[in-house]
Amino acid sequence: MSESITGERIIGEQITGEQYALSAGPYQAVVTESGAGLRELTHDGRPLVLSYGADEPAPAAFGHLLLPWPNRVDRGRYDYGGVPHQLDISEPGRDCAIHGLVRWASWRAAEHEPDRVRLTHRLLATAGYPFRLDLEAEYTLDAGDGLRVRVTARNAGTATAPYGHGAHPYLTVGEPIDACEVTLGADRYIPVDERMIPSGPSLDVTGTRYDLRTGAVFGDRVIDNAFADLNRDGDGRVRVTLSGGGRAVRLWADEAYPWMMIYTADNAPAPRAGLGVEPMTCPPNAFASGEGVIDLAPGAEHTGMYGIQAVS
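Just so it is clear, the model here is predicted, and its values are computed rather than measured.

**Q** Would you mind showing me how to read the layout of surface pockets here?
**A** A probe as big as a water molecule, rolled over the atoms, marks out the empty space that is left. Its volume calculated, the largest pocket comes out at about 420 Å³. Lining the largest pocket are 24 residues; nearest its centre among them are Arg 72, Arg 94, Asp 224, Tyr 263 and Asn 267. Elements that contribute at least two residues to the lining of the largest pocket include exactly strand 22 (224–230) and strand 25 (259–263). Here the residues of the lining of the largest pocket sort into 11 nonpolar, 5 polar and 8 charged.

If you want it as structure tokens, here you go:
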């Protein structure tokens, strides 16, 4: 693997590790060694995502990558290949394992250029996930198109591994989301119980607060649900747009992501200041239900790509 570490690092003793600064035209971003997370993204100096300080842990999963599963696993229990597994409970209040195993791990920069950084992490086996994955996250800024993120997993072990991934940015236009418009072409949503575990099959959004297809003013809707049957444009991408105060920001995701999580950030440090928009390869509780889980054979790879851009 070749290495090119020529981009700007923000030097210091931050608890989130090395800070990798990227720049292209009006866009700037900072990616952290901790979890290969997106800490900042701006356009013309104005934030496109909720950010946090380099010397504090990411609150409410701001900018985290979620591997090898996104969202929750009910009580951390799942069977795979007829073998039961027990993950550590990382969300004790709901008795769930949440958002994978690598969002606090140290990722190594294999390449860093002014507009691009590629970080890698080797996920070794644990008692609850006895598999080995080589992971890669590549962040690229383009002066016209904004941020592109490519996430790849390769099974470096000897057994087929269950796999899924997601991402957890919070889009912002500098206005409370209640006054904004949110547009997502999705025909169905997944209902959940009080522990945020799916409570039944997906439901039609028509006539409910989950219908975001027309871009109406968001108001006081409270949403923390995954959406399915996503409407894609001719390029195969699904798009979510947040607009308000004369600004707009958009997240797009390719066909690797059949589900999109929307979270109104009611429990974030600044409630409803941004909108959690989370592309996911599988729905909540996928390891337990089996729905959408990728069976990653030894030597096989899976890649997904999404991006964030300012909209004029």
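**Q** Help me understand unusual backbone geometry in this model?
**A** A negative phi angle is the norm for most residues apart from glycine, just as the trans form is the norm for most peptide bonds. Note that the residue after Leu 67, namely Pro 68, is joined by a cis bond; omega there is 0°. Within the secondary structure layout, Pro 68 lies in the loop between strand 7 (64–66) and strand 8 (72–74). Phi at Arg 75 takes a positive value of approximately 55°, unusual for a residue other than glycine. Looking at the element boundaries, Arg 75 is found in the loop between strand 8 and strand 9 (77–80). Taking the relative accessible area as the measure of exposure, Arg 75 reaches 33% and is therefore partly exposed. Of note in this structure, Asp 229 is not a glycine but carries a positive phi near 50°. With respect to the helices, strands and loops of the structure, Asp 229 is situated in strand 22. In this structure Asp 229 comes out as partly exposed when scored by relative accessible area, which is 46%.

The rules behind these values
Residues numbered from 1 in each chain as written. Predicted model: local features only at pLDDT ≥ 70, side-chain atom pairs only at ≥ 80, totals over all residues. Heavy atoms only, no water. 1 Å grid on protein atoms, 1.4 Å probe; cavity = no way out; pocket = protein on both sides within 12 Å on 5 of 7 lines; lining within 4 Å. Points joined across faces, edges and corners; volume = space filled by probe spheres on them. Helix = DSSP H or I, 4+ residues; strand = E, 2+ residues; numbered from the N terminus. Nonpolar A, V, L, I, M, F, W, Y, C, P; charged D, E, K, R; others polar. Buried < 20%, exposed > 50% of the residue type's maximum accessible area, 1.4 Å probe, protein only.

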